[in-house]
Amino acid sequence: MSTPSEDLHRAVADVMQAHGYGMVSRLVFVVELIDEETGGLGLLRASSPSDMPVWSELGLHTYAIADIQAVVTADRMTNNDEED
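All figures in this text were calculated on a predicted structure; none of them were measured in a lab.

Novice: Provide a residue-level description of the side chain of S5, including the pertinent values.
Specialist: Its location among the elements puts S5 in helix α1 (residues 4-18). Leaving out residues up to four positions away in the same chain, S5 has contacts with F29, A46, S47, S48 and S50.

And the structure:
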């Protein structure tokens, strides 16, 4: 039986390959979940492979944050009349 992170890795890898992005070697993800009964918010954070060292997972998350920050900064520098 597979784990949710293994299933998600397989699904993301299939989508990336179908769109020509290449092979997915490692995957980290953060998902906001809504409890169907209470409406409460929860956070699911995981990685694939599931035995990825926590420092590698943290490094990938940090790299993603830096990339998003760079995009936001570039957008604000070139288009400073809008606020998001």
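Novice: Hey, could you go over the layout of surface pockets for me, with residue numbers and the actual values?
Specialist: Roughly 210 Å³ of volume is contained in the largest pocket. Taken together, V24, S25, R26, L27, V28, F29, V30, L60, H61 and A64 form the lining of the largest pocket. Of all the secondary structure elements, the ones that give two or more residues to the lining of the largest pocket are β1 (27-34) and α2 (54-78). When residues in the lining of the largest pocket are grouped by element, the largest group, 4 residues, is from β1. Classifying every residue of the lining of the largest pocket gives 7 nonpolar, 2 polar and 1 charged.

Novice: Give me the lowdown on α1, citing residues and values where you can.
Specialist: Taking 1.5 Å per residue, 15 residues should reach 21 Å; α1 reaches 21 Å between its end C-alpha atoms and fits that length. Against β1 and β2 (41-48) lie the buried residues of α1. Count one or two residues on from α1 and you reach G20, which has phi positive near 80°.

Novice: Describe the nonpolar core, and please don't skip the residues or the numbers.
Specialist: Judged by nonpolar contacts, A13, V24, L27, F29 and A46 together constitute the single largest core of 5 residues. Residue contacts for A46: discarding those within four places in its chain leaves S5, L27, V28, F29 and E57.

Quick notes on the rules
- Starting from 1, residues in each chain are numbered consecutively following that chain's sequence as written.
- Note on the predicted model: pLDDT of at least 70 is required for a residue's local features to be given, and 80 or more for side-chain atom pairs to be given and counted; whole-chain, interface and lining totals, by contrast, use all residues.
- Computation of side-chain values: all heavy atoms of the structure, hydrogens and water removed.
- Strands here mean DSSP runs of E at least two residues long; helices mean DSSP runs of H or I at least four residues long; both are numbered from the N terminus.
- Any two residues whose heavy atoms approach within 4.5 Å at even a single point are treated as in contact.
- Using only the protein atoms, space was sampled on a 1 Å grid; points where a 1.4 Å probe fits but cannot get out form cavities, open sets with protein on both sides within 12 Å along at least five of seven lines form pockets, and lining residues are those with an atom within 4 Å of a point.
- Grid points are joined across faces, edges and corners, and a volume is the space filled by probe spheres set on the points.
- In this count, Pro and Cys sit with the nonpolar residues alongside Ala, Val, Leu, Ile, Met, Phe, Trp and Tyr, while Asp, Glu, Lys and Arg are called charged and the others, Gly among them, polar.
- Helix span is expected to be 1.5 Å times the residue number reduced by one.
- Nonpolar cores are built from buried Ala, Val, Leu, Ile, Met, Phe, Trp, Tyr and Cys residues. Side-chain atoms within 4.5 Å join them into one set.
- Buried residues are those whose accessible area, probed at 1.4 Å on protein chains only, stays under 20% of the maximum for their type, while exposed residues exceed 50% and partly exposed ones sit between those limits.

Any functional reading would require information that these geometric values do not contain.
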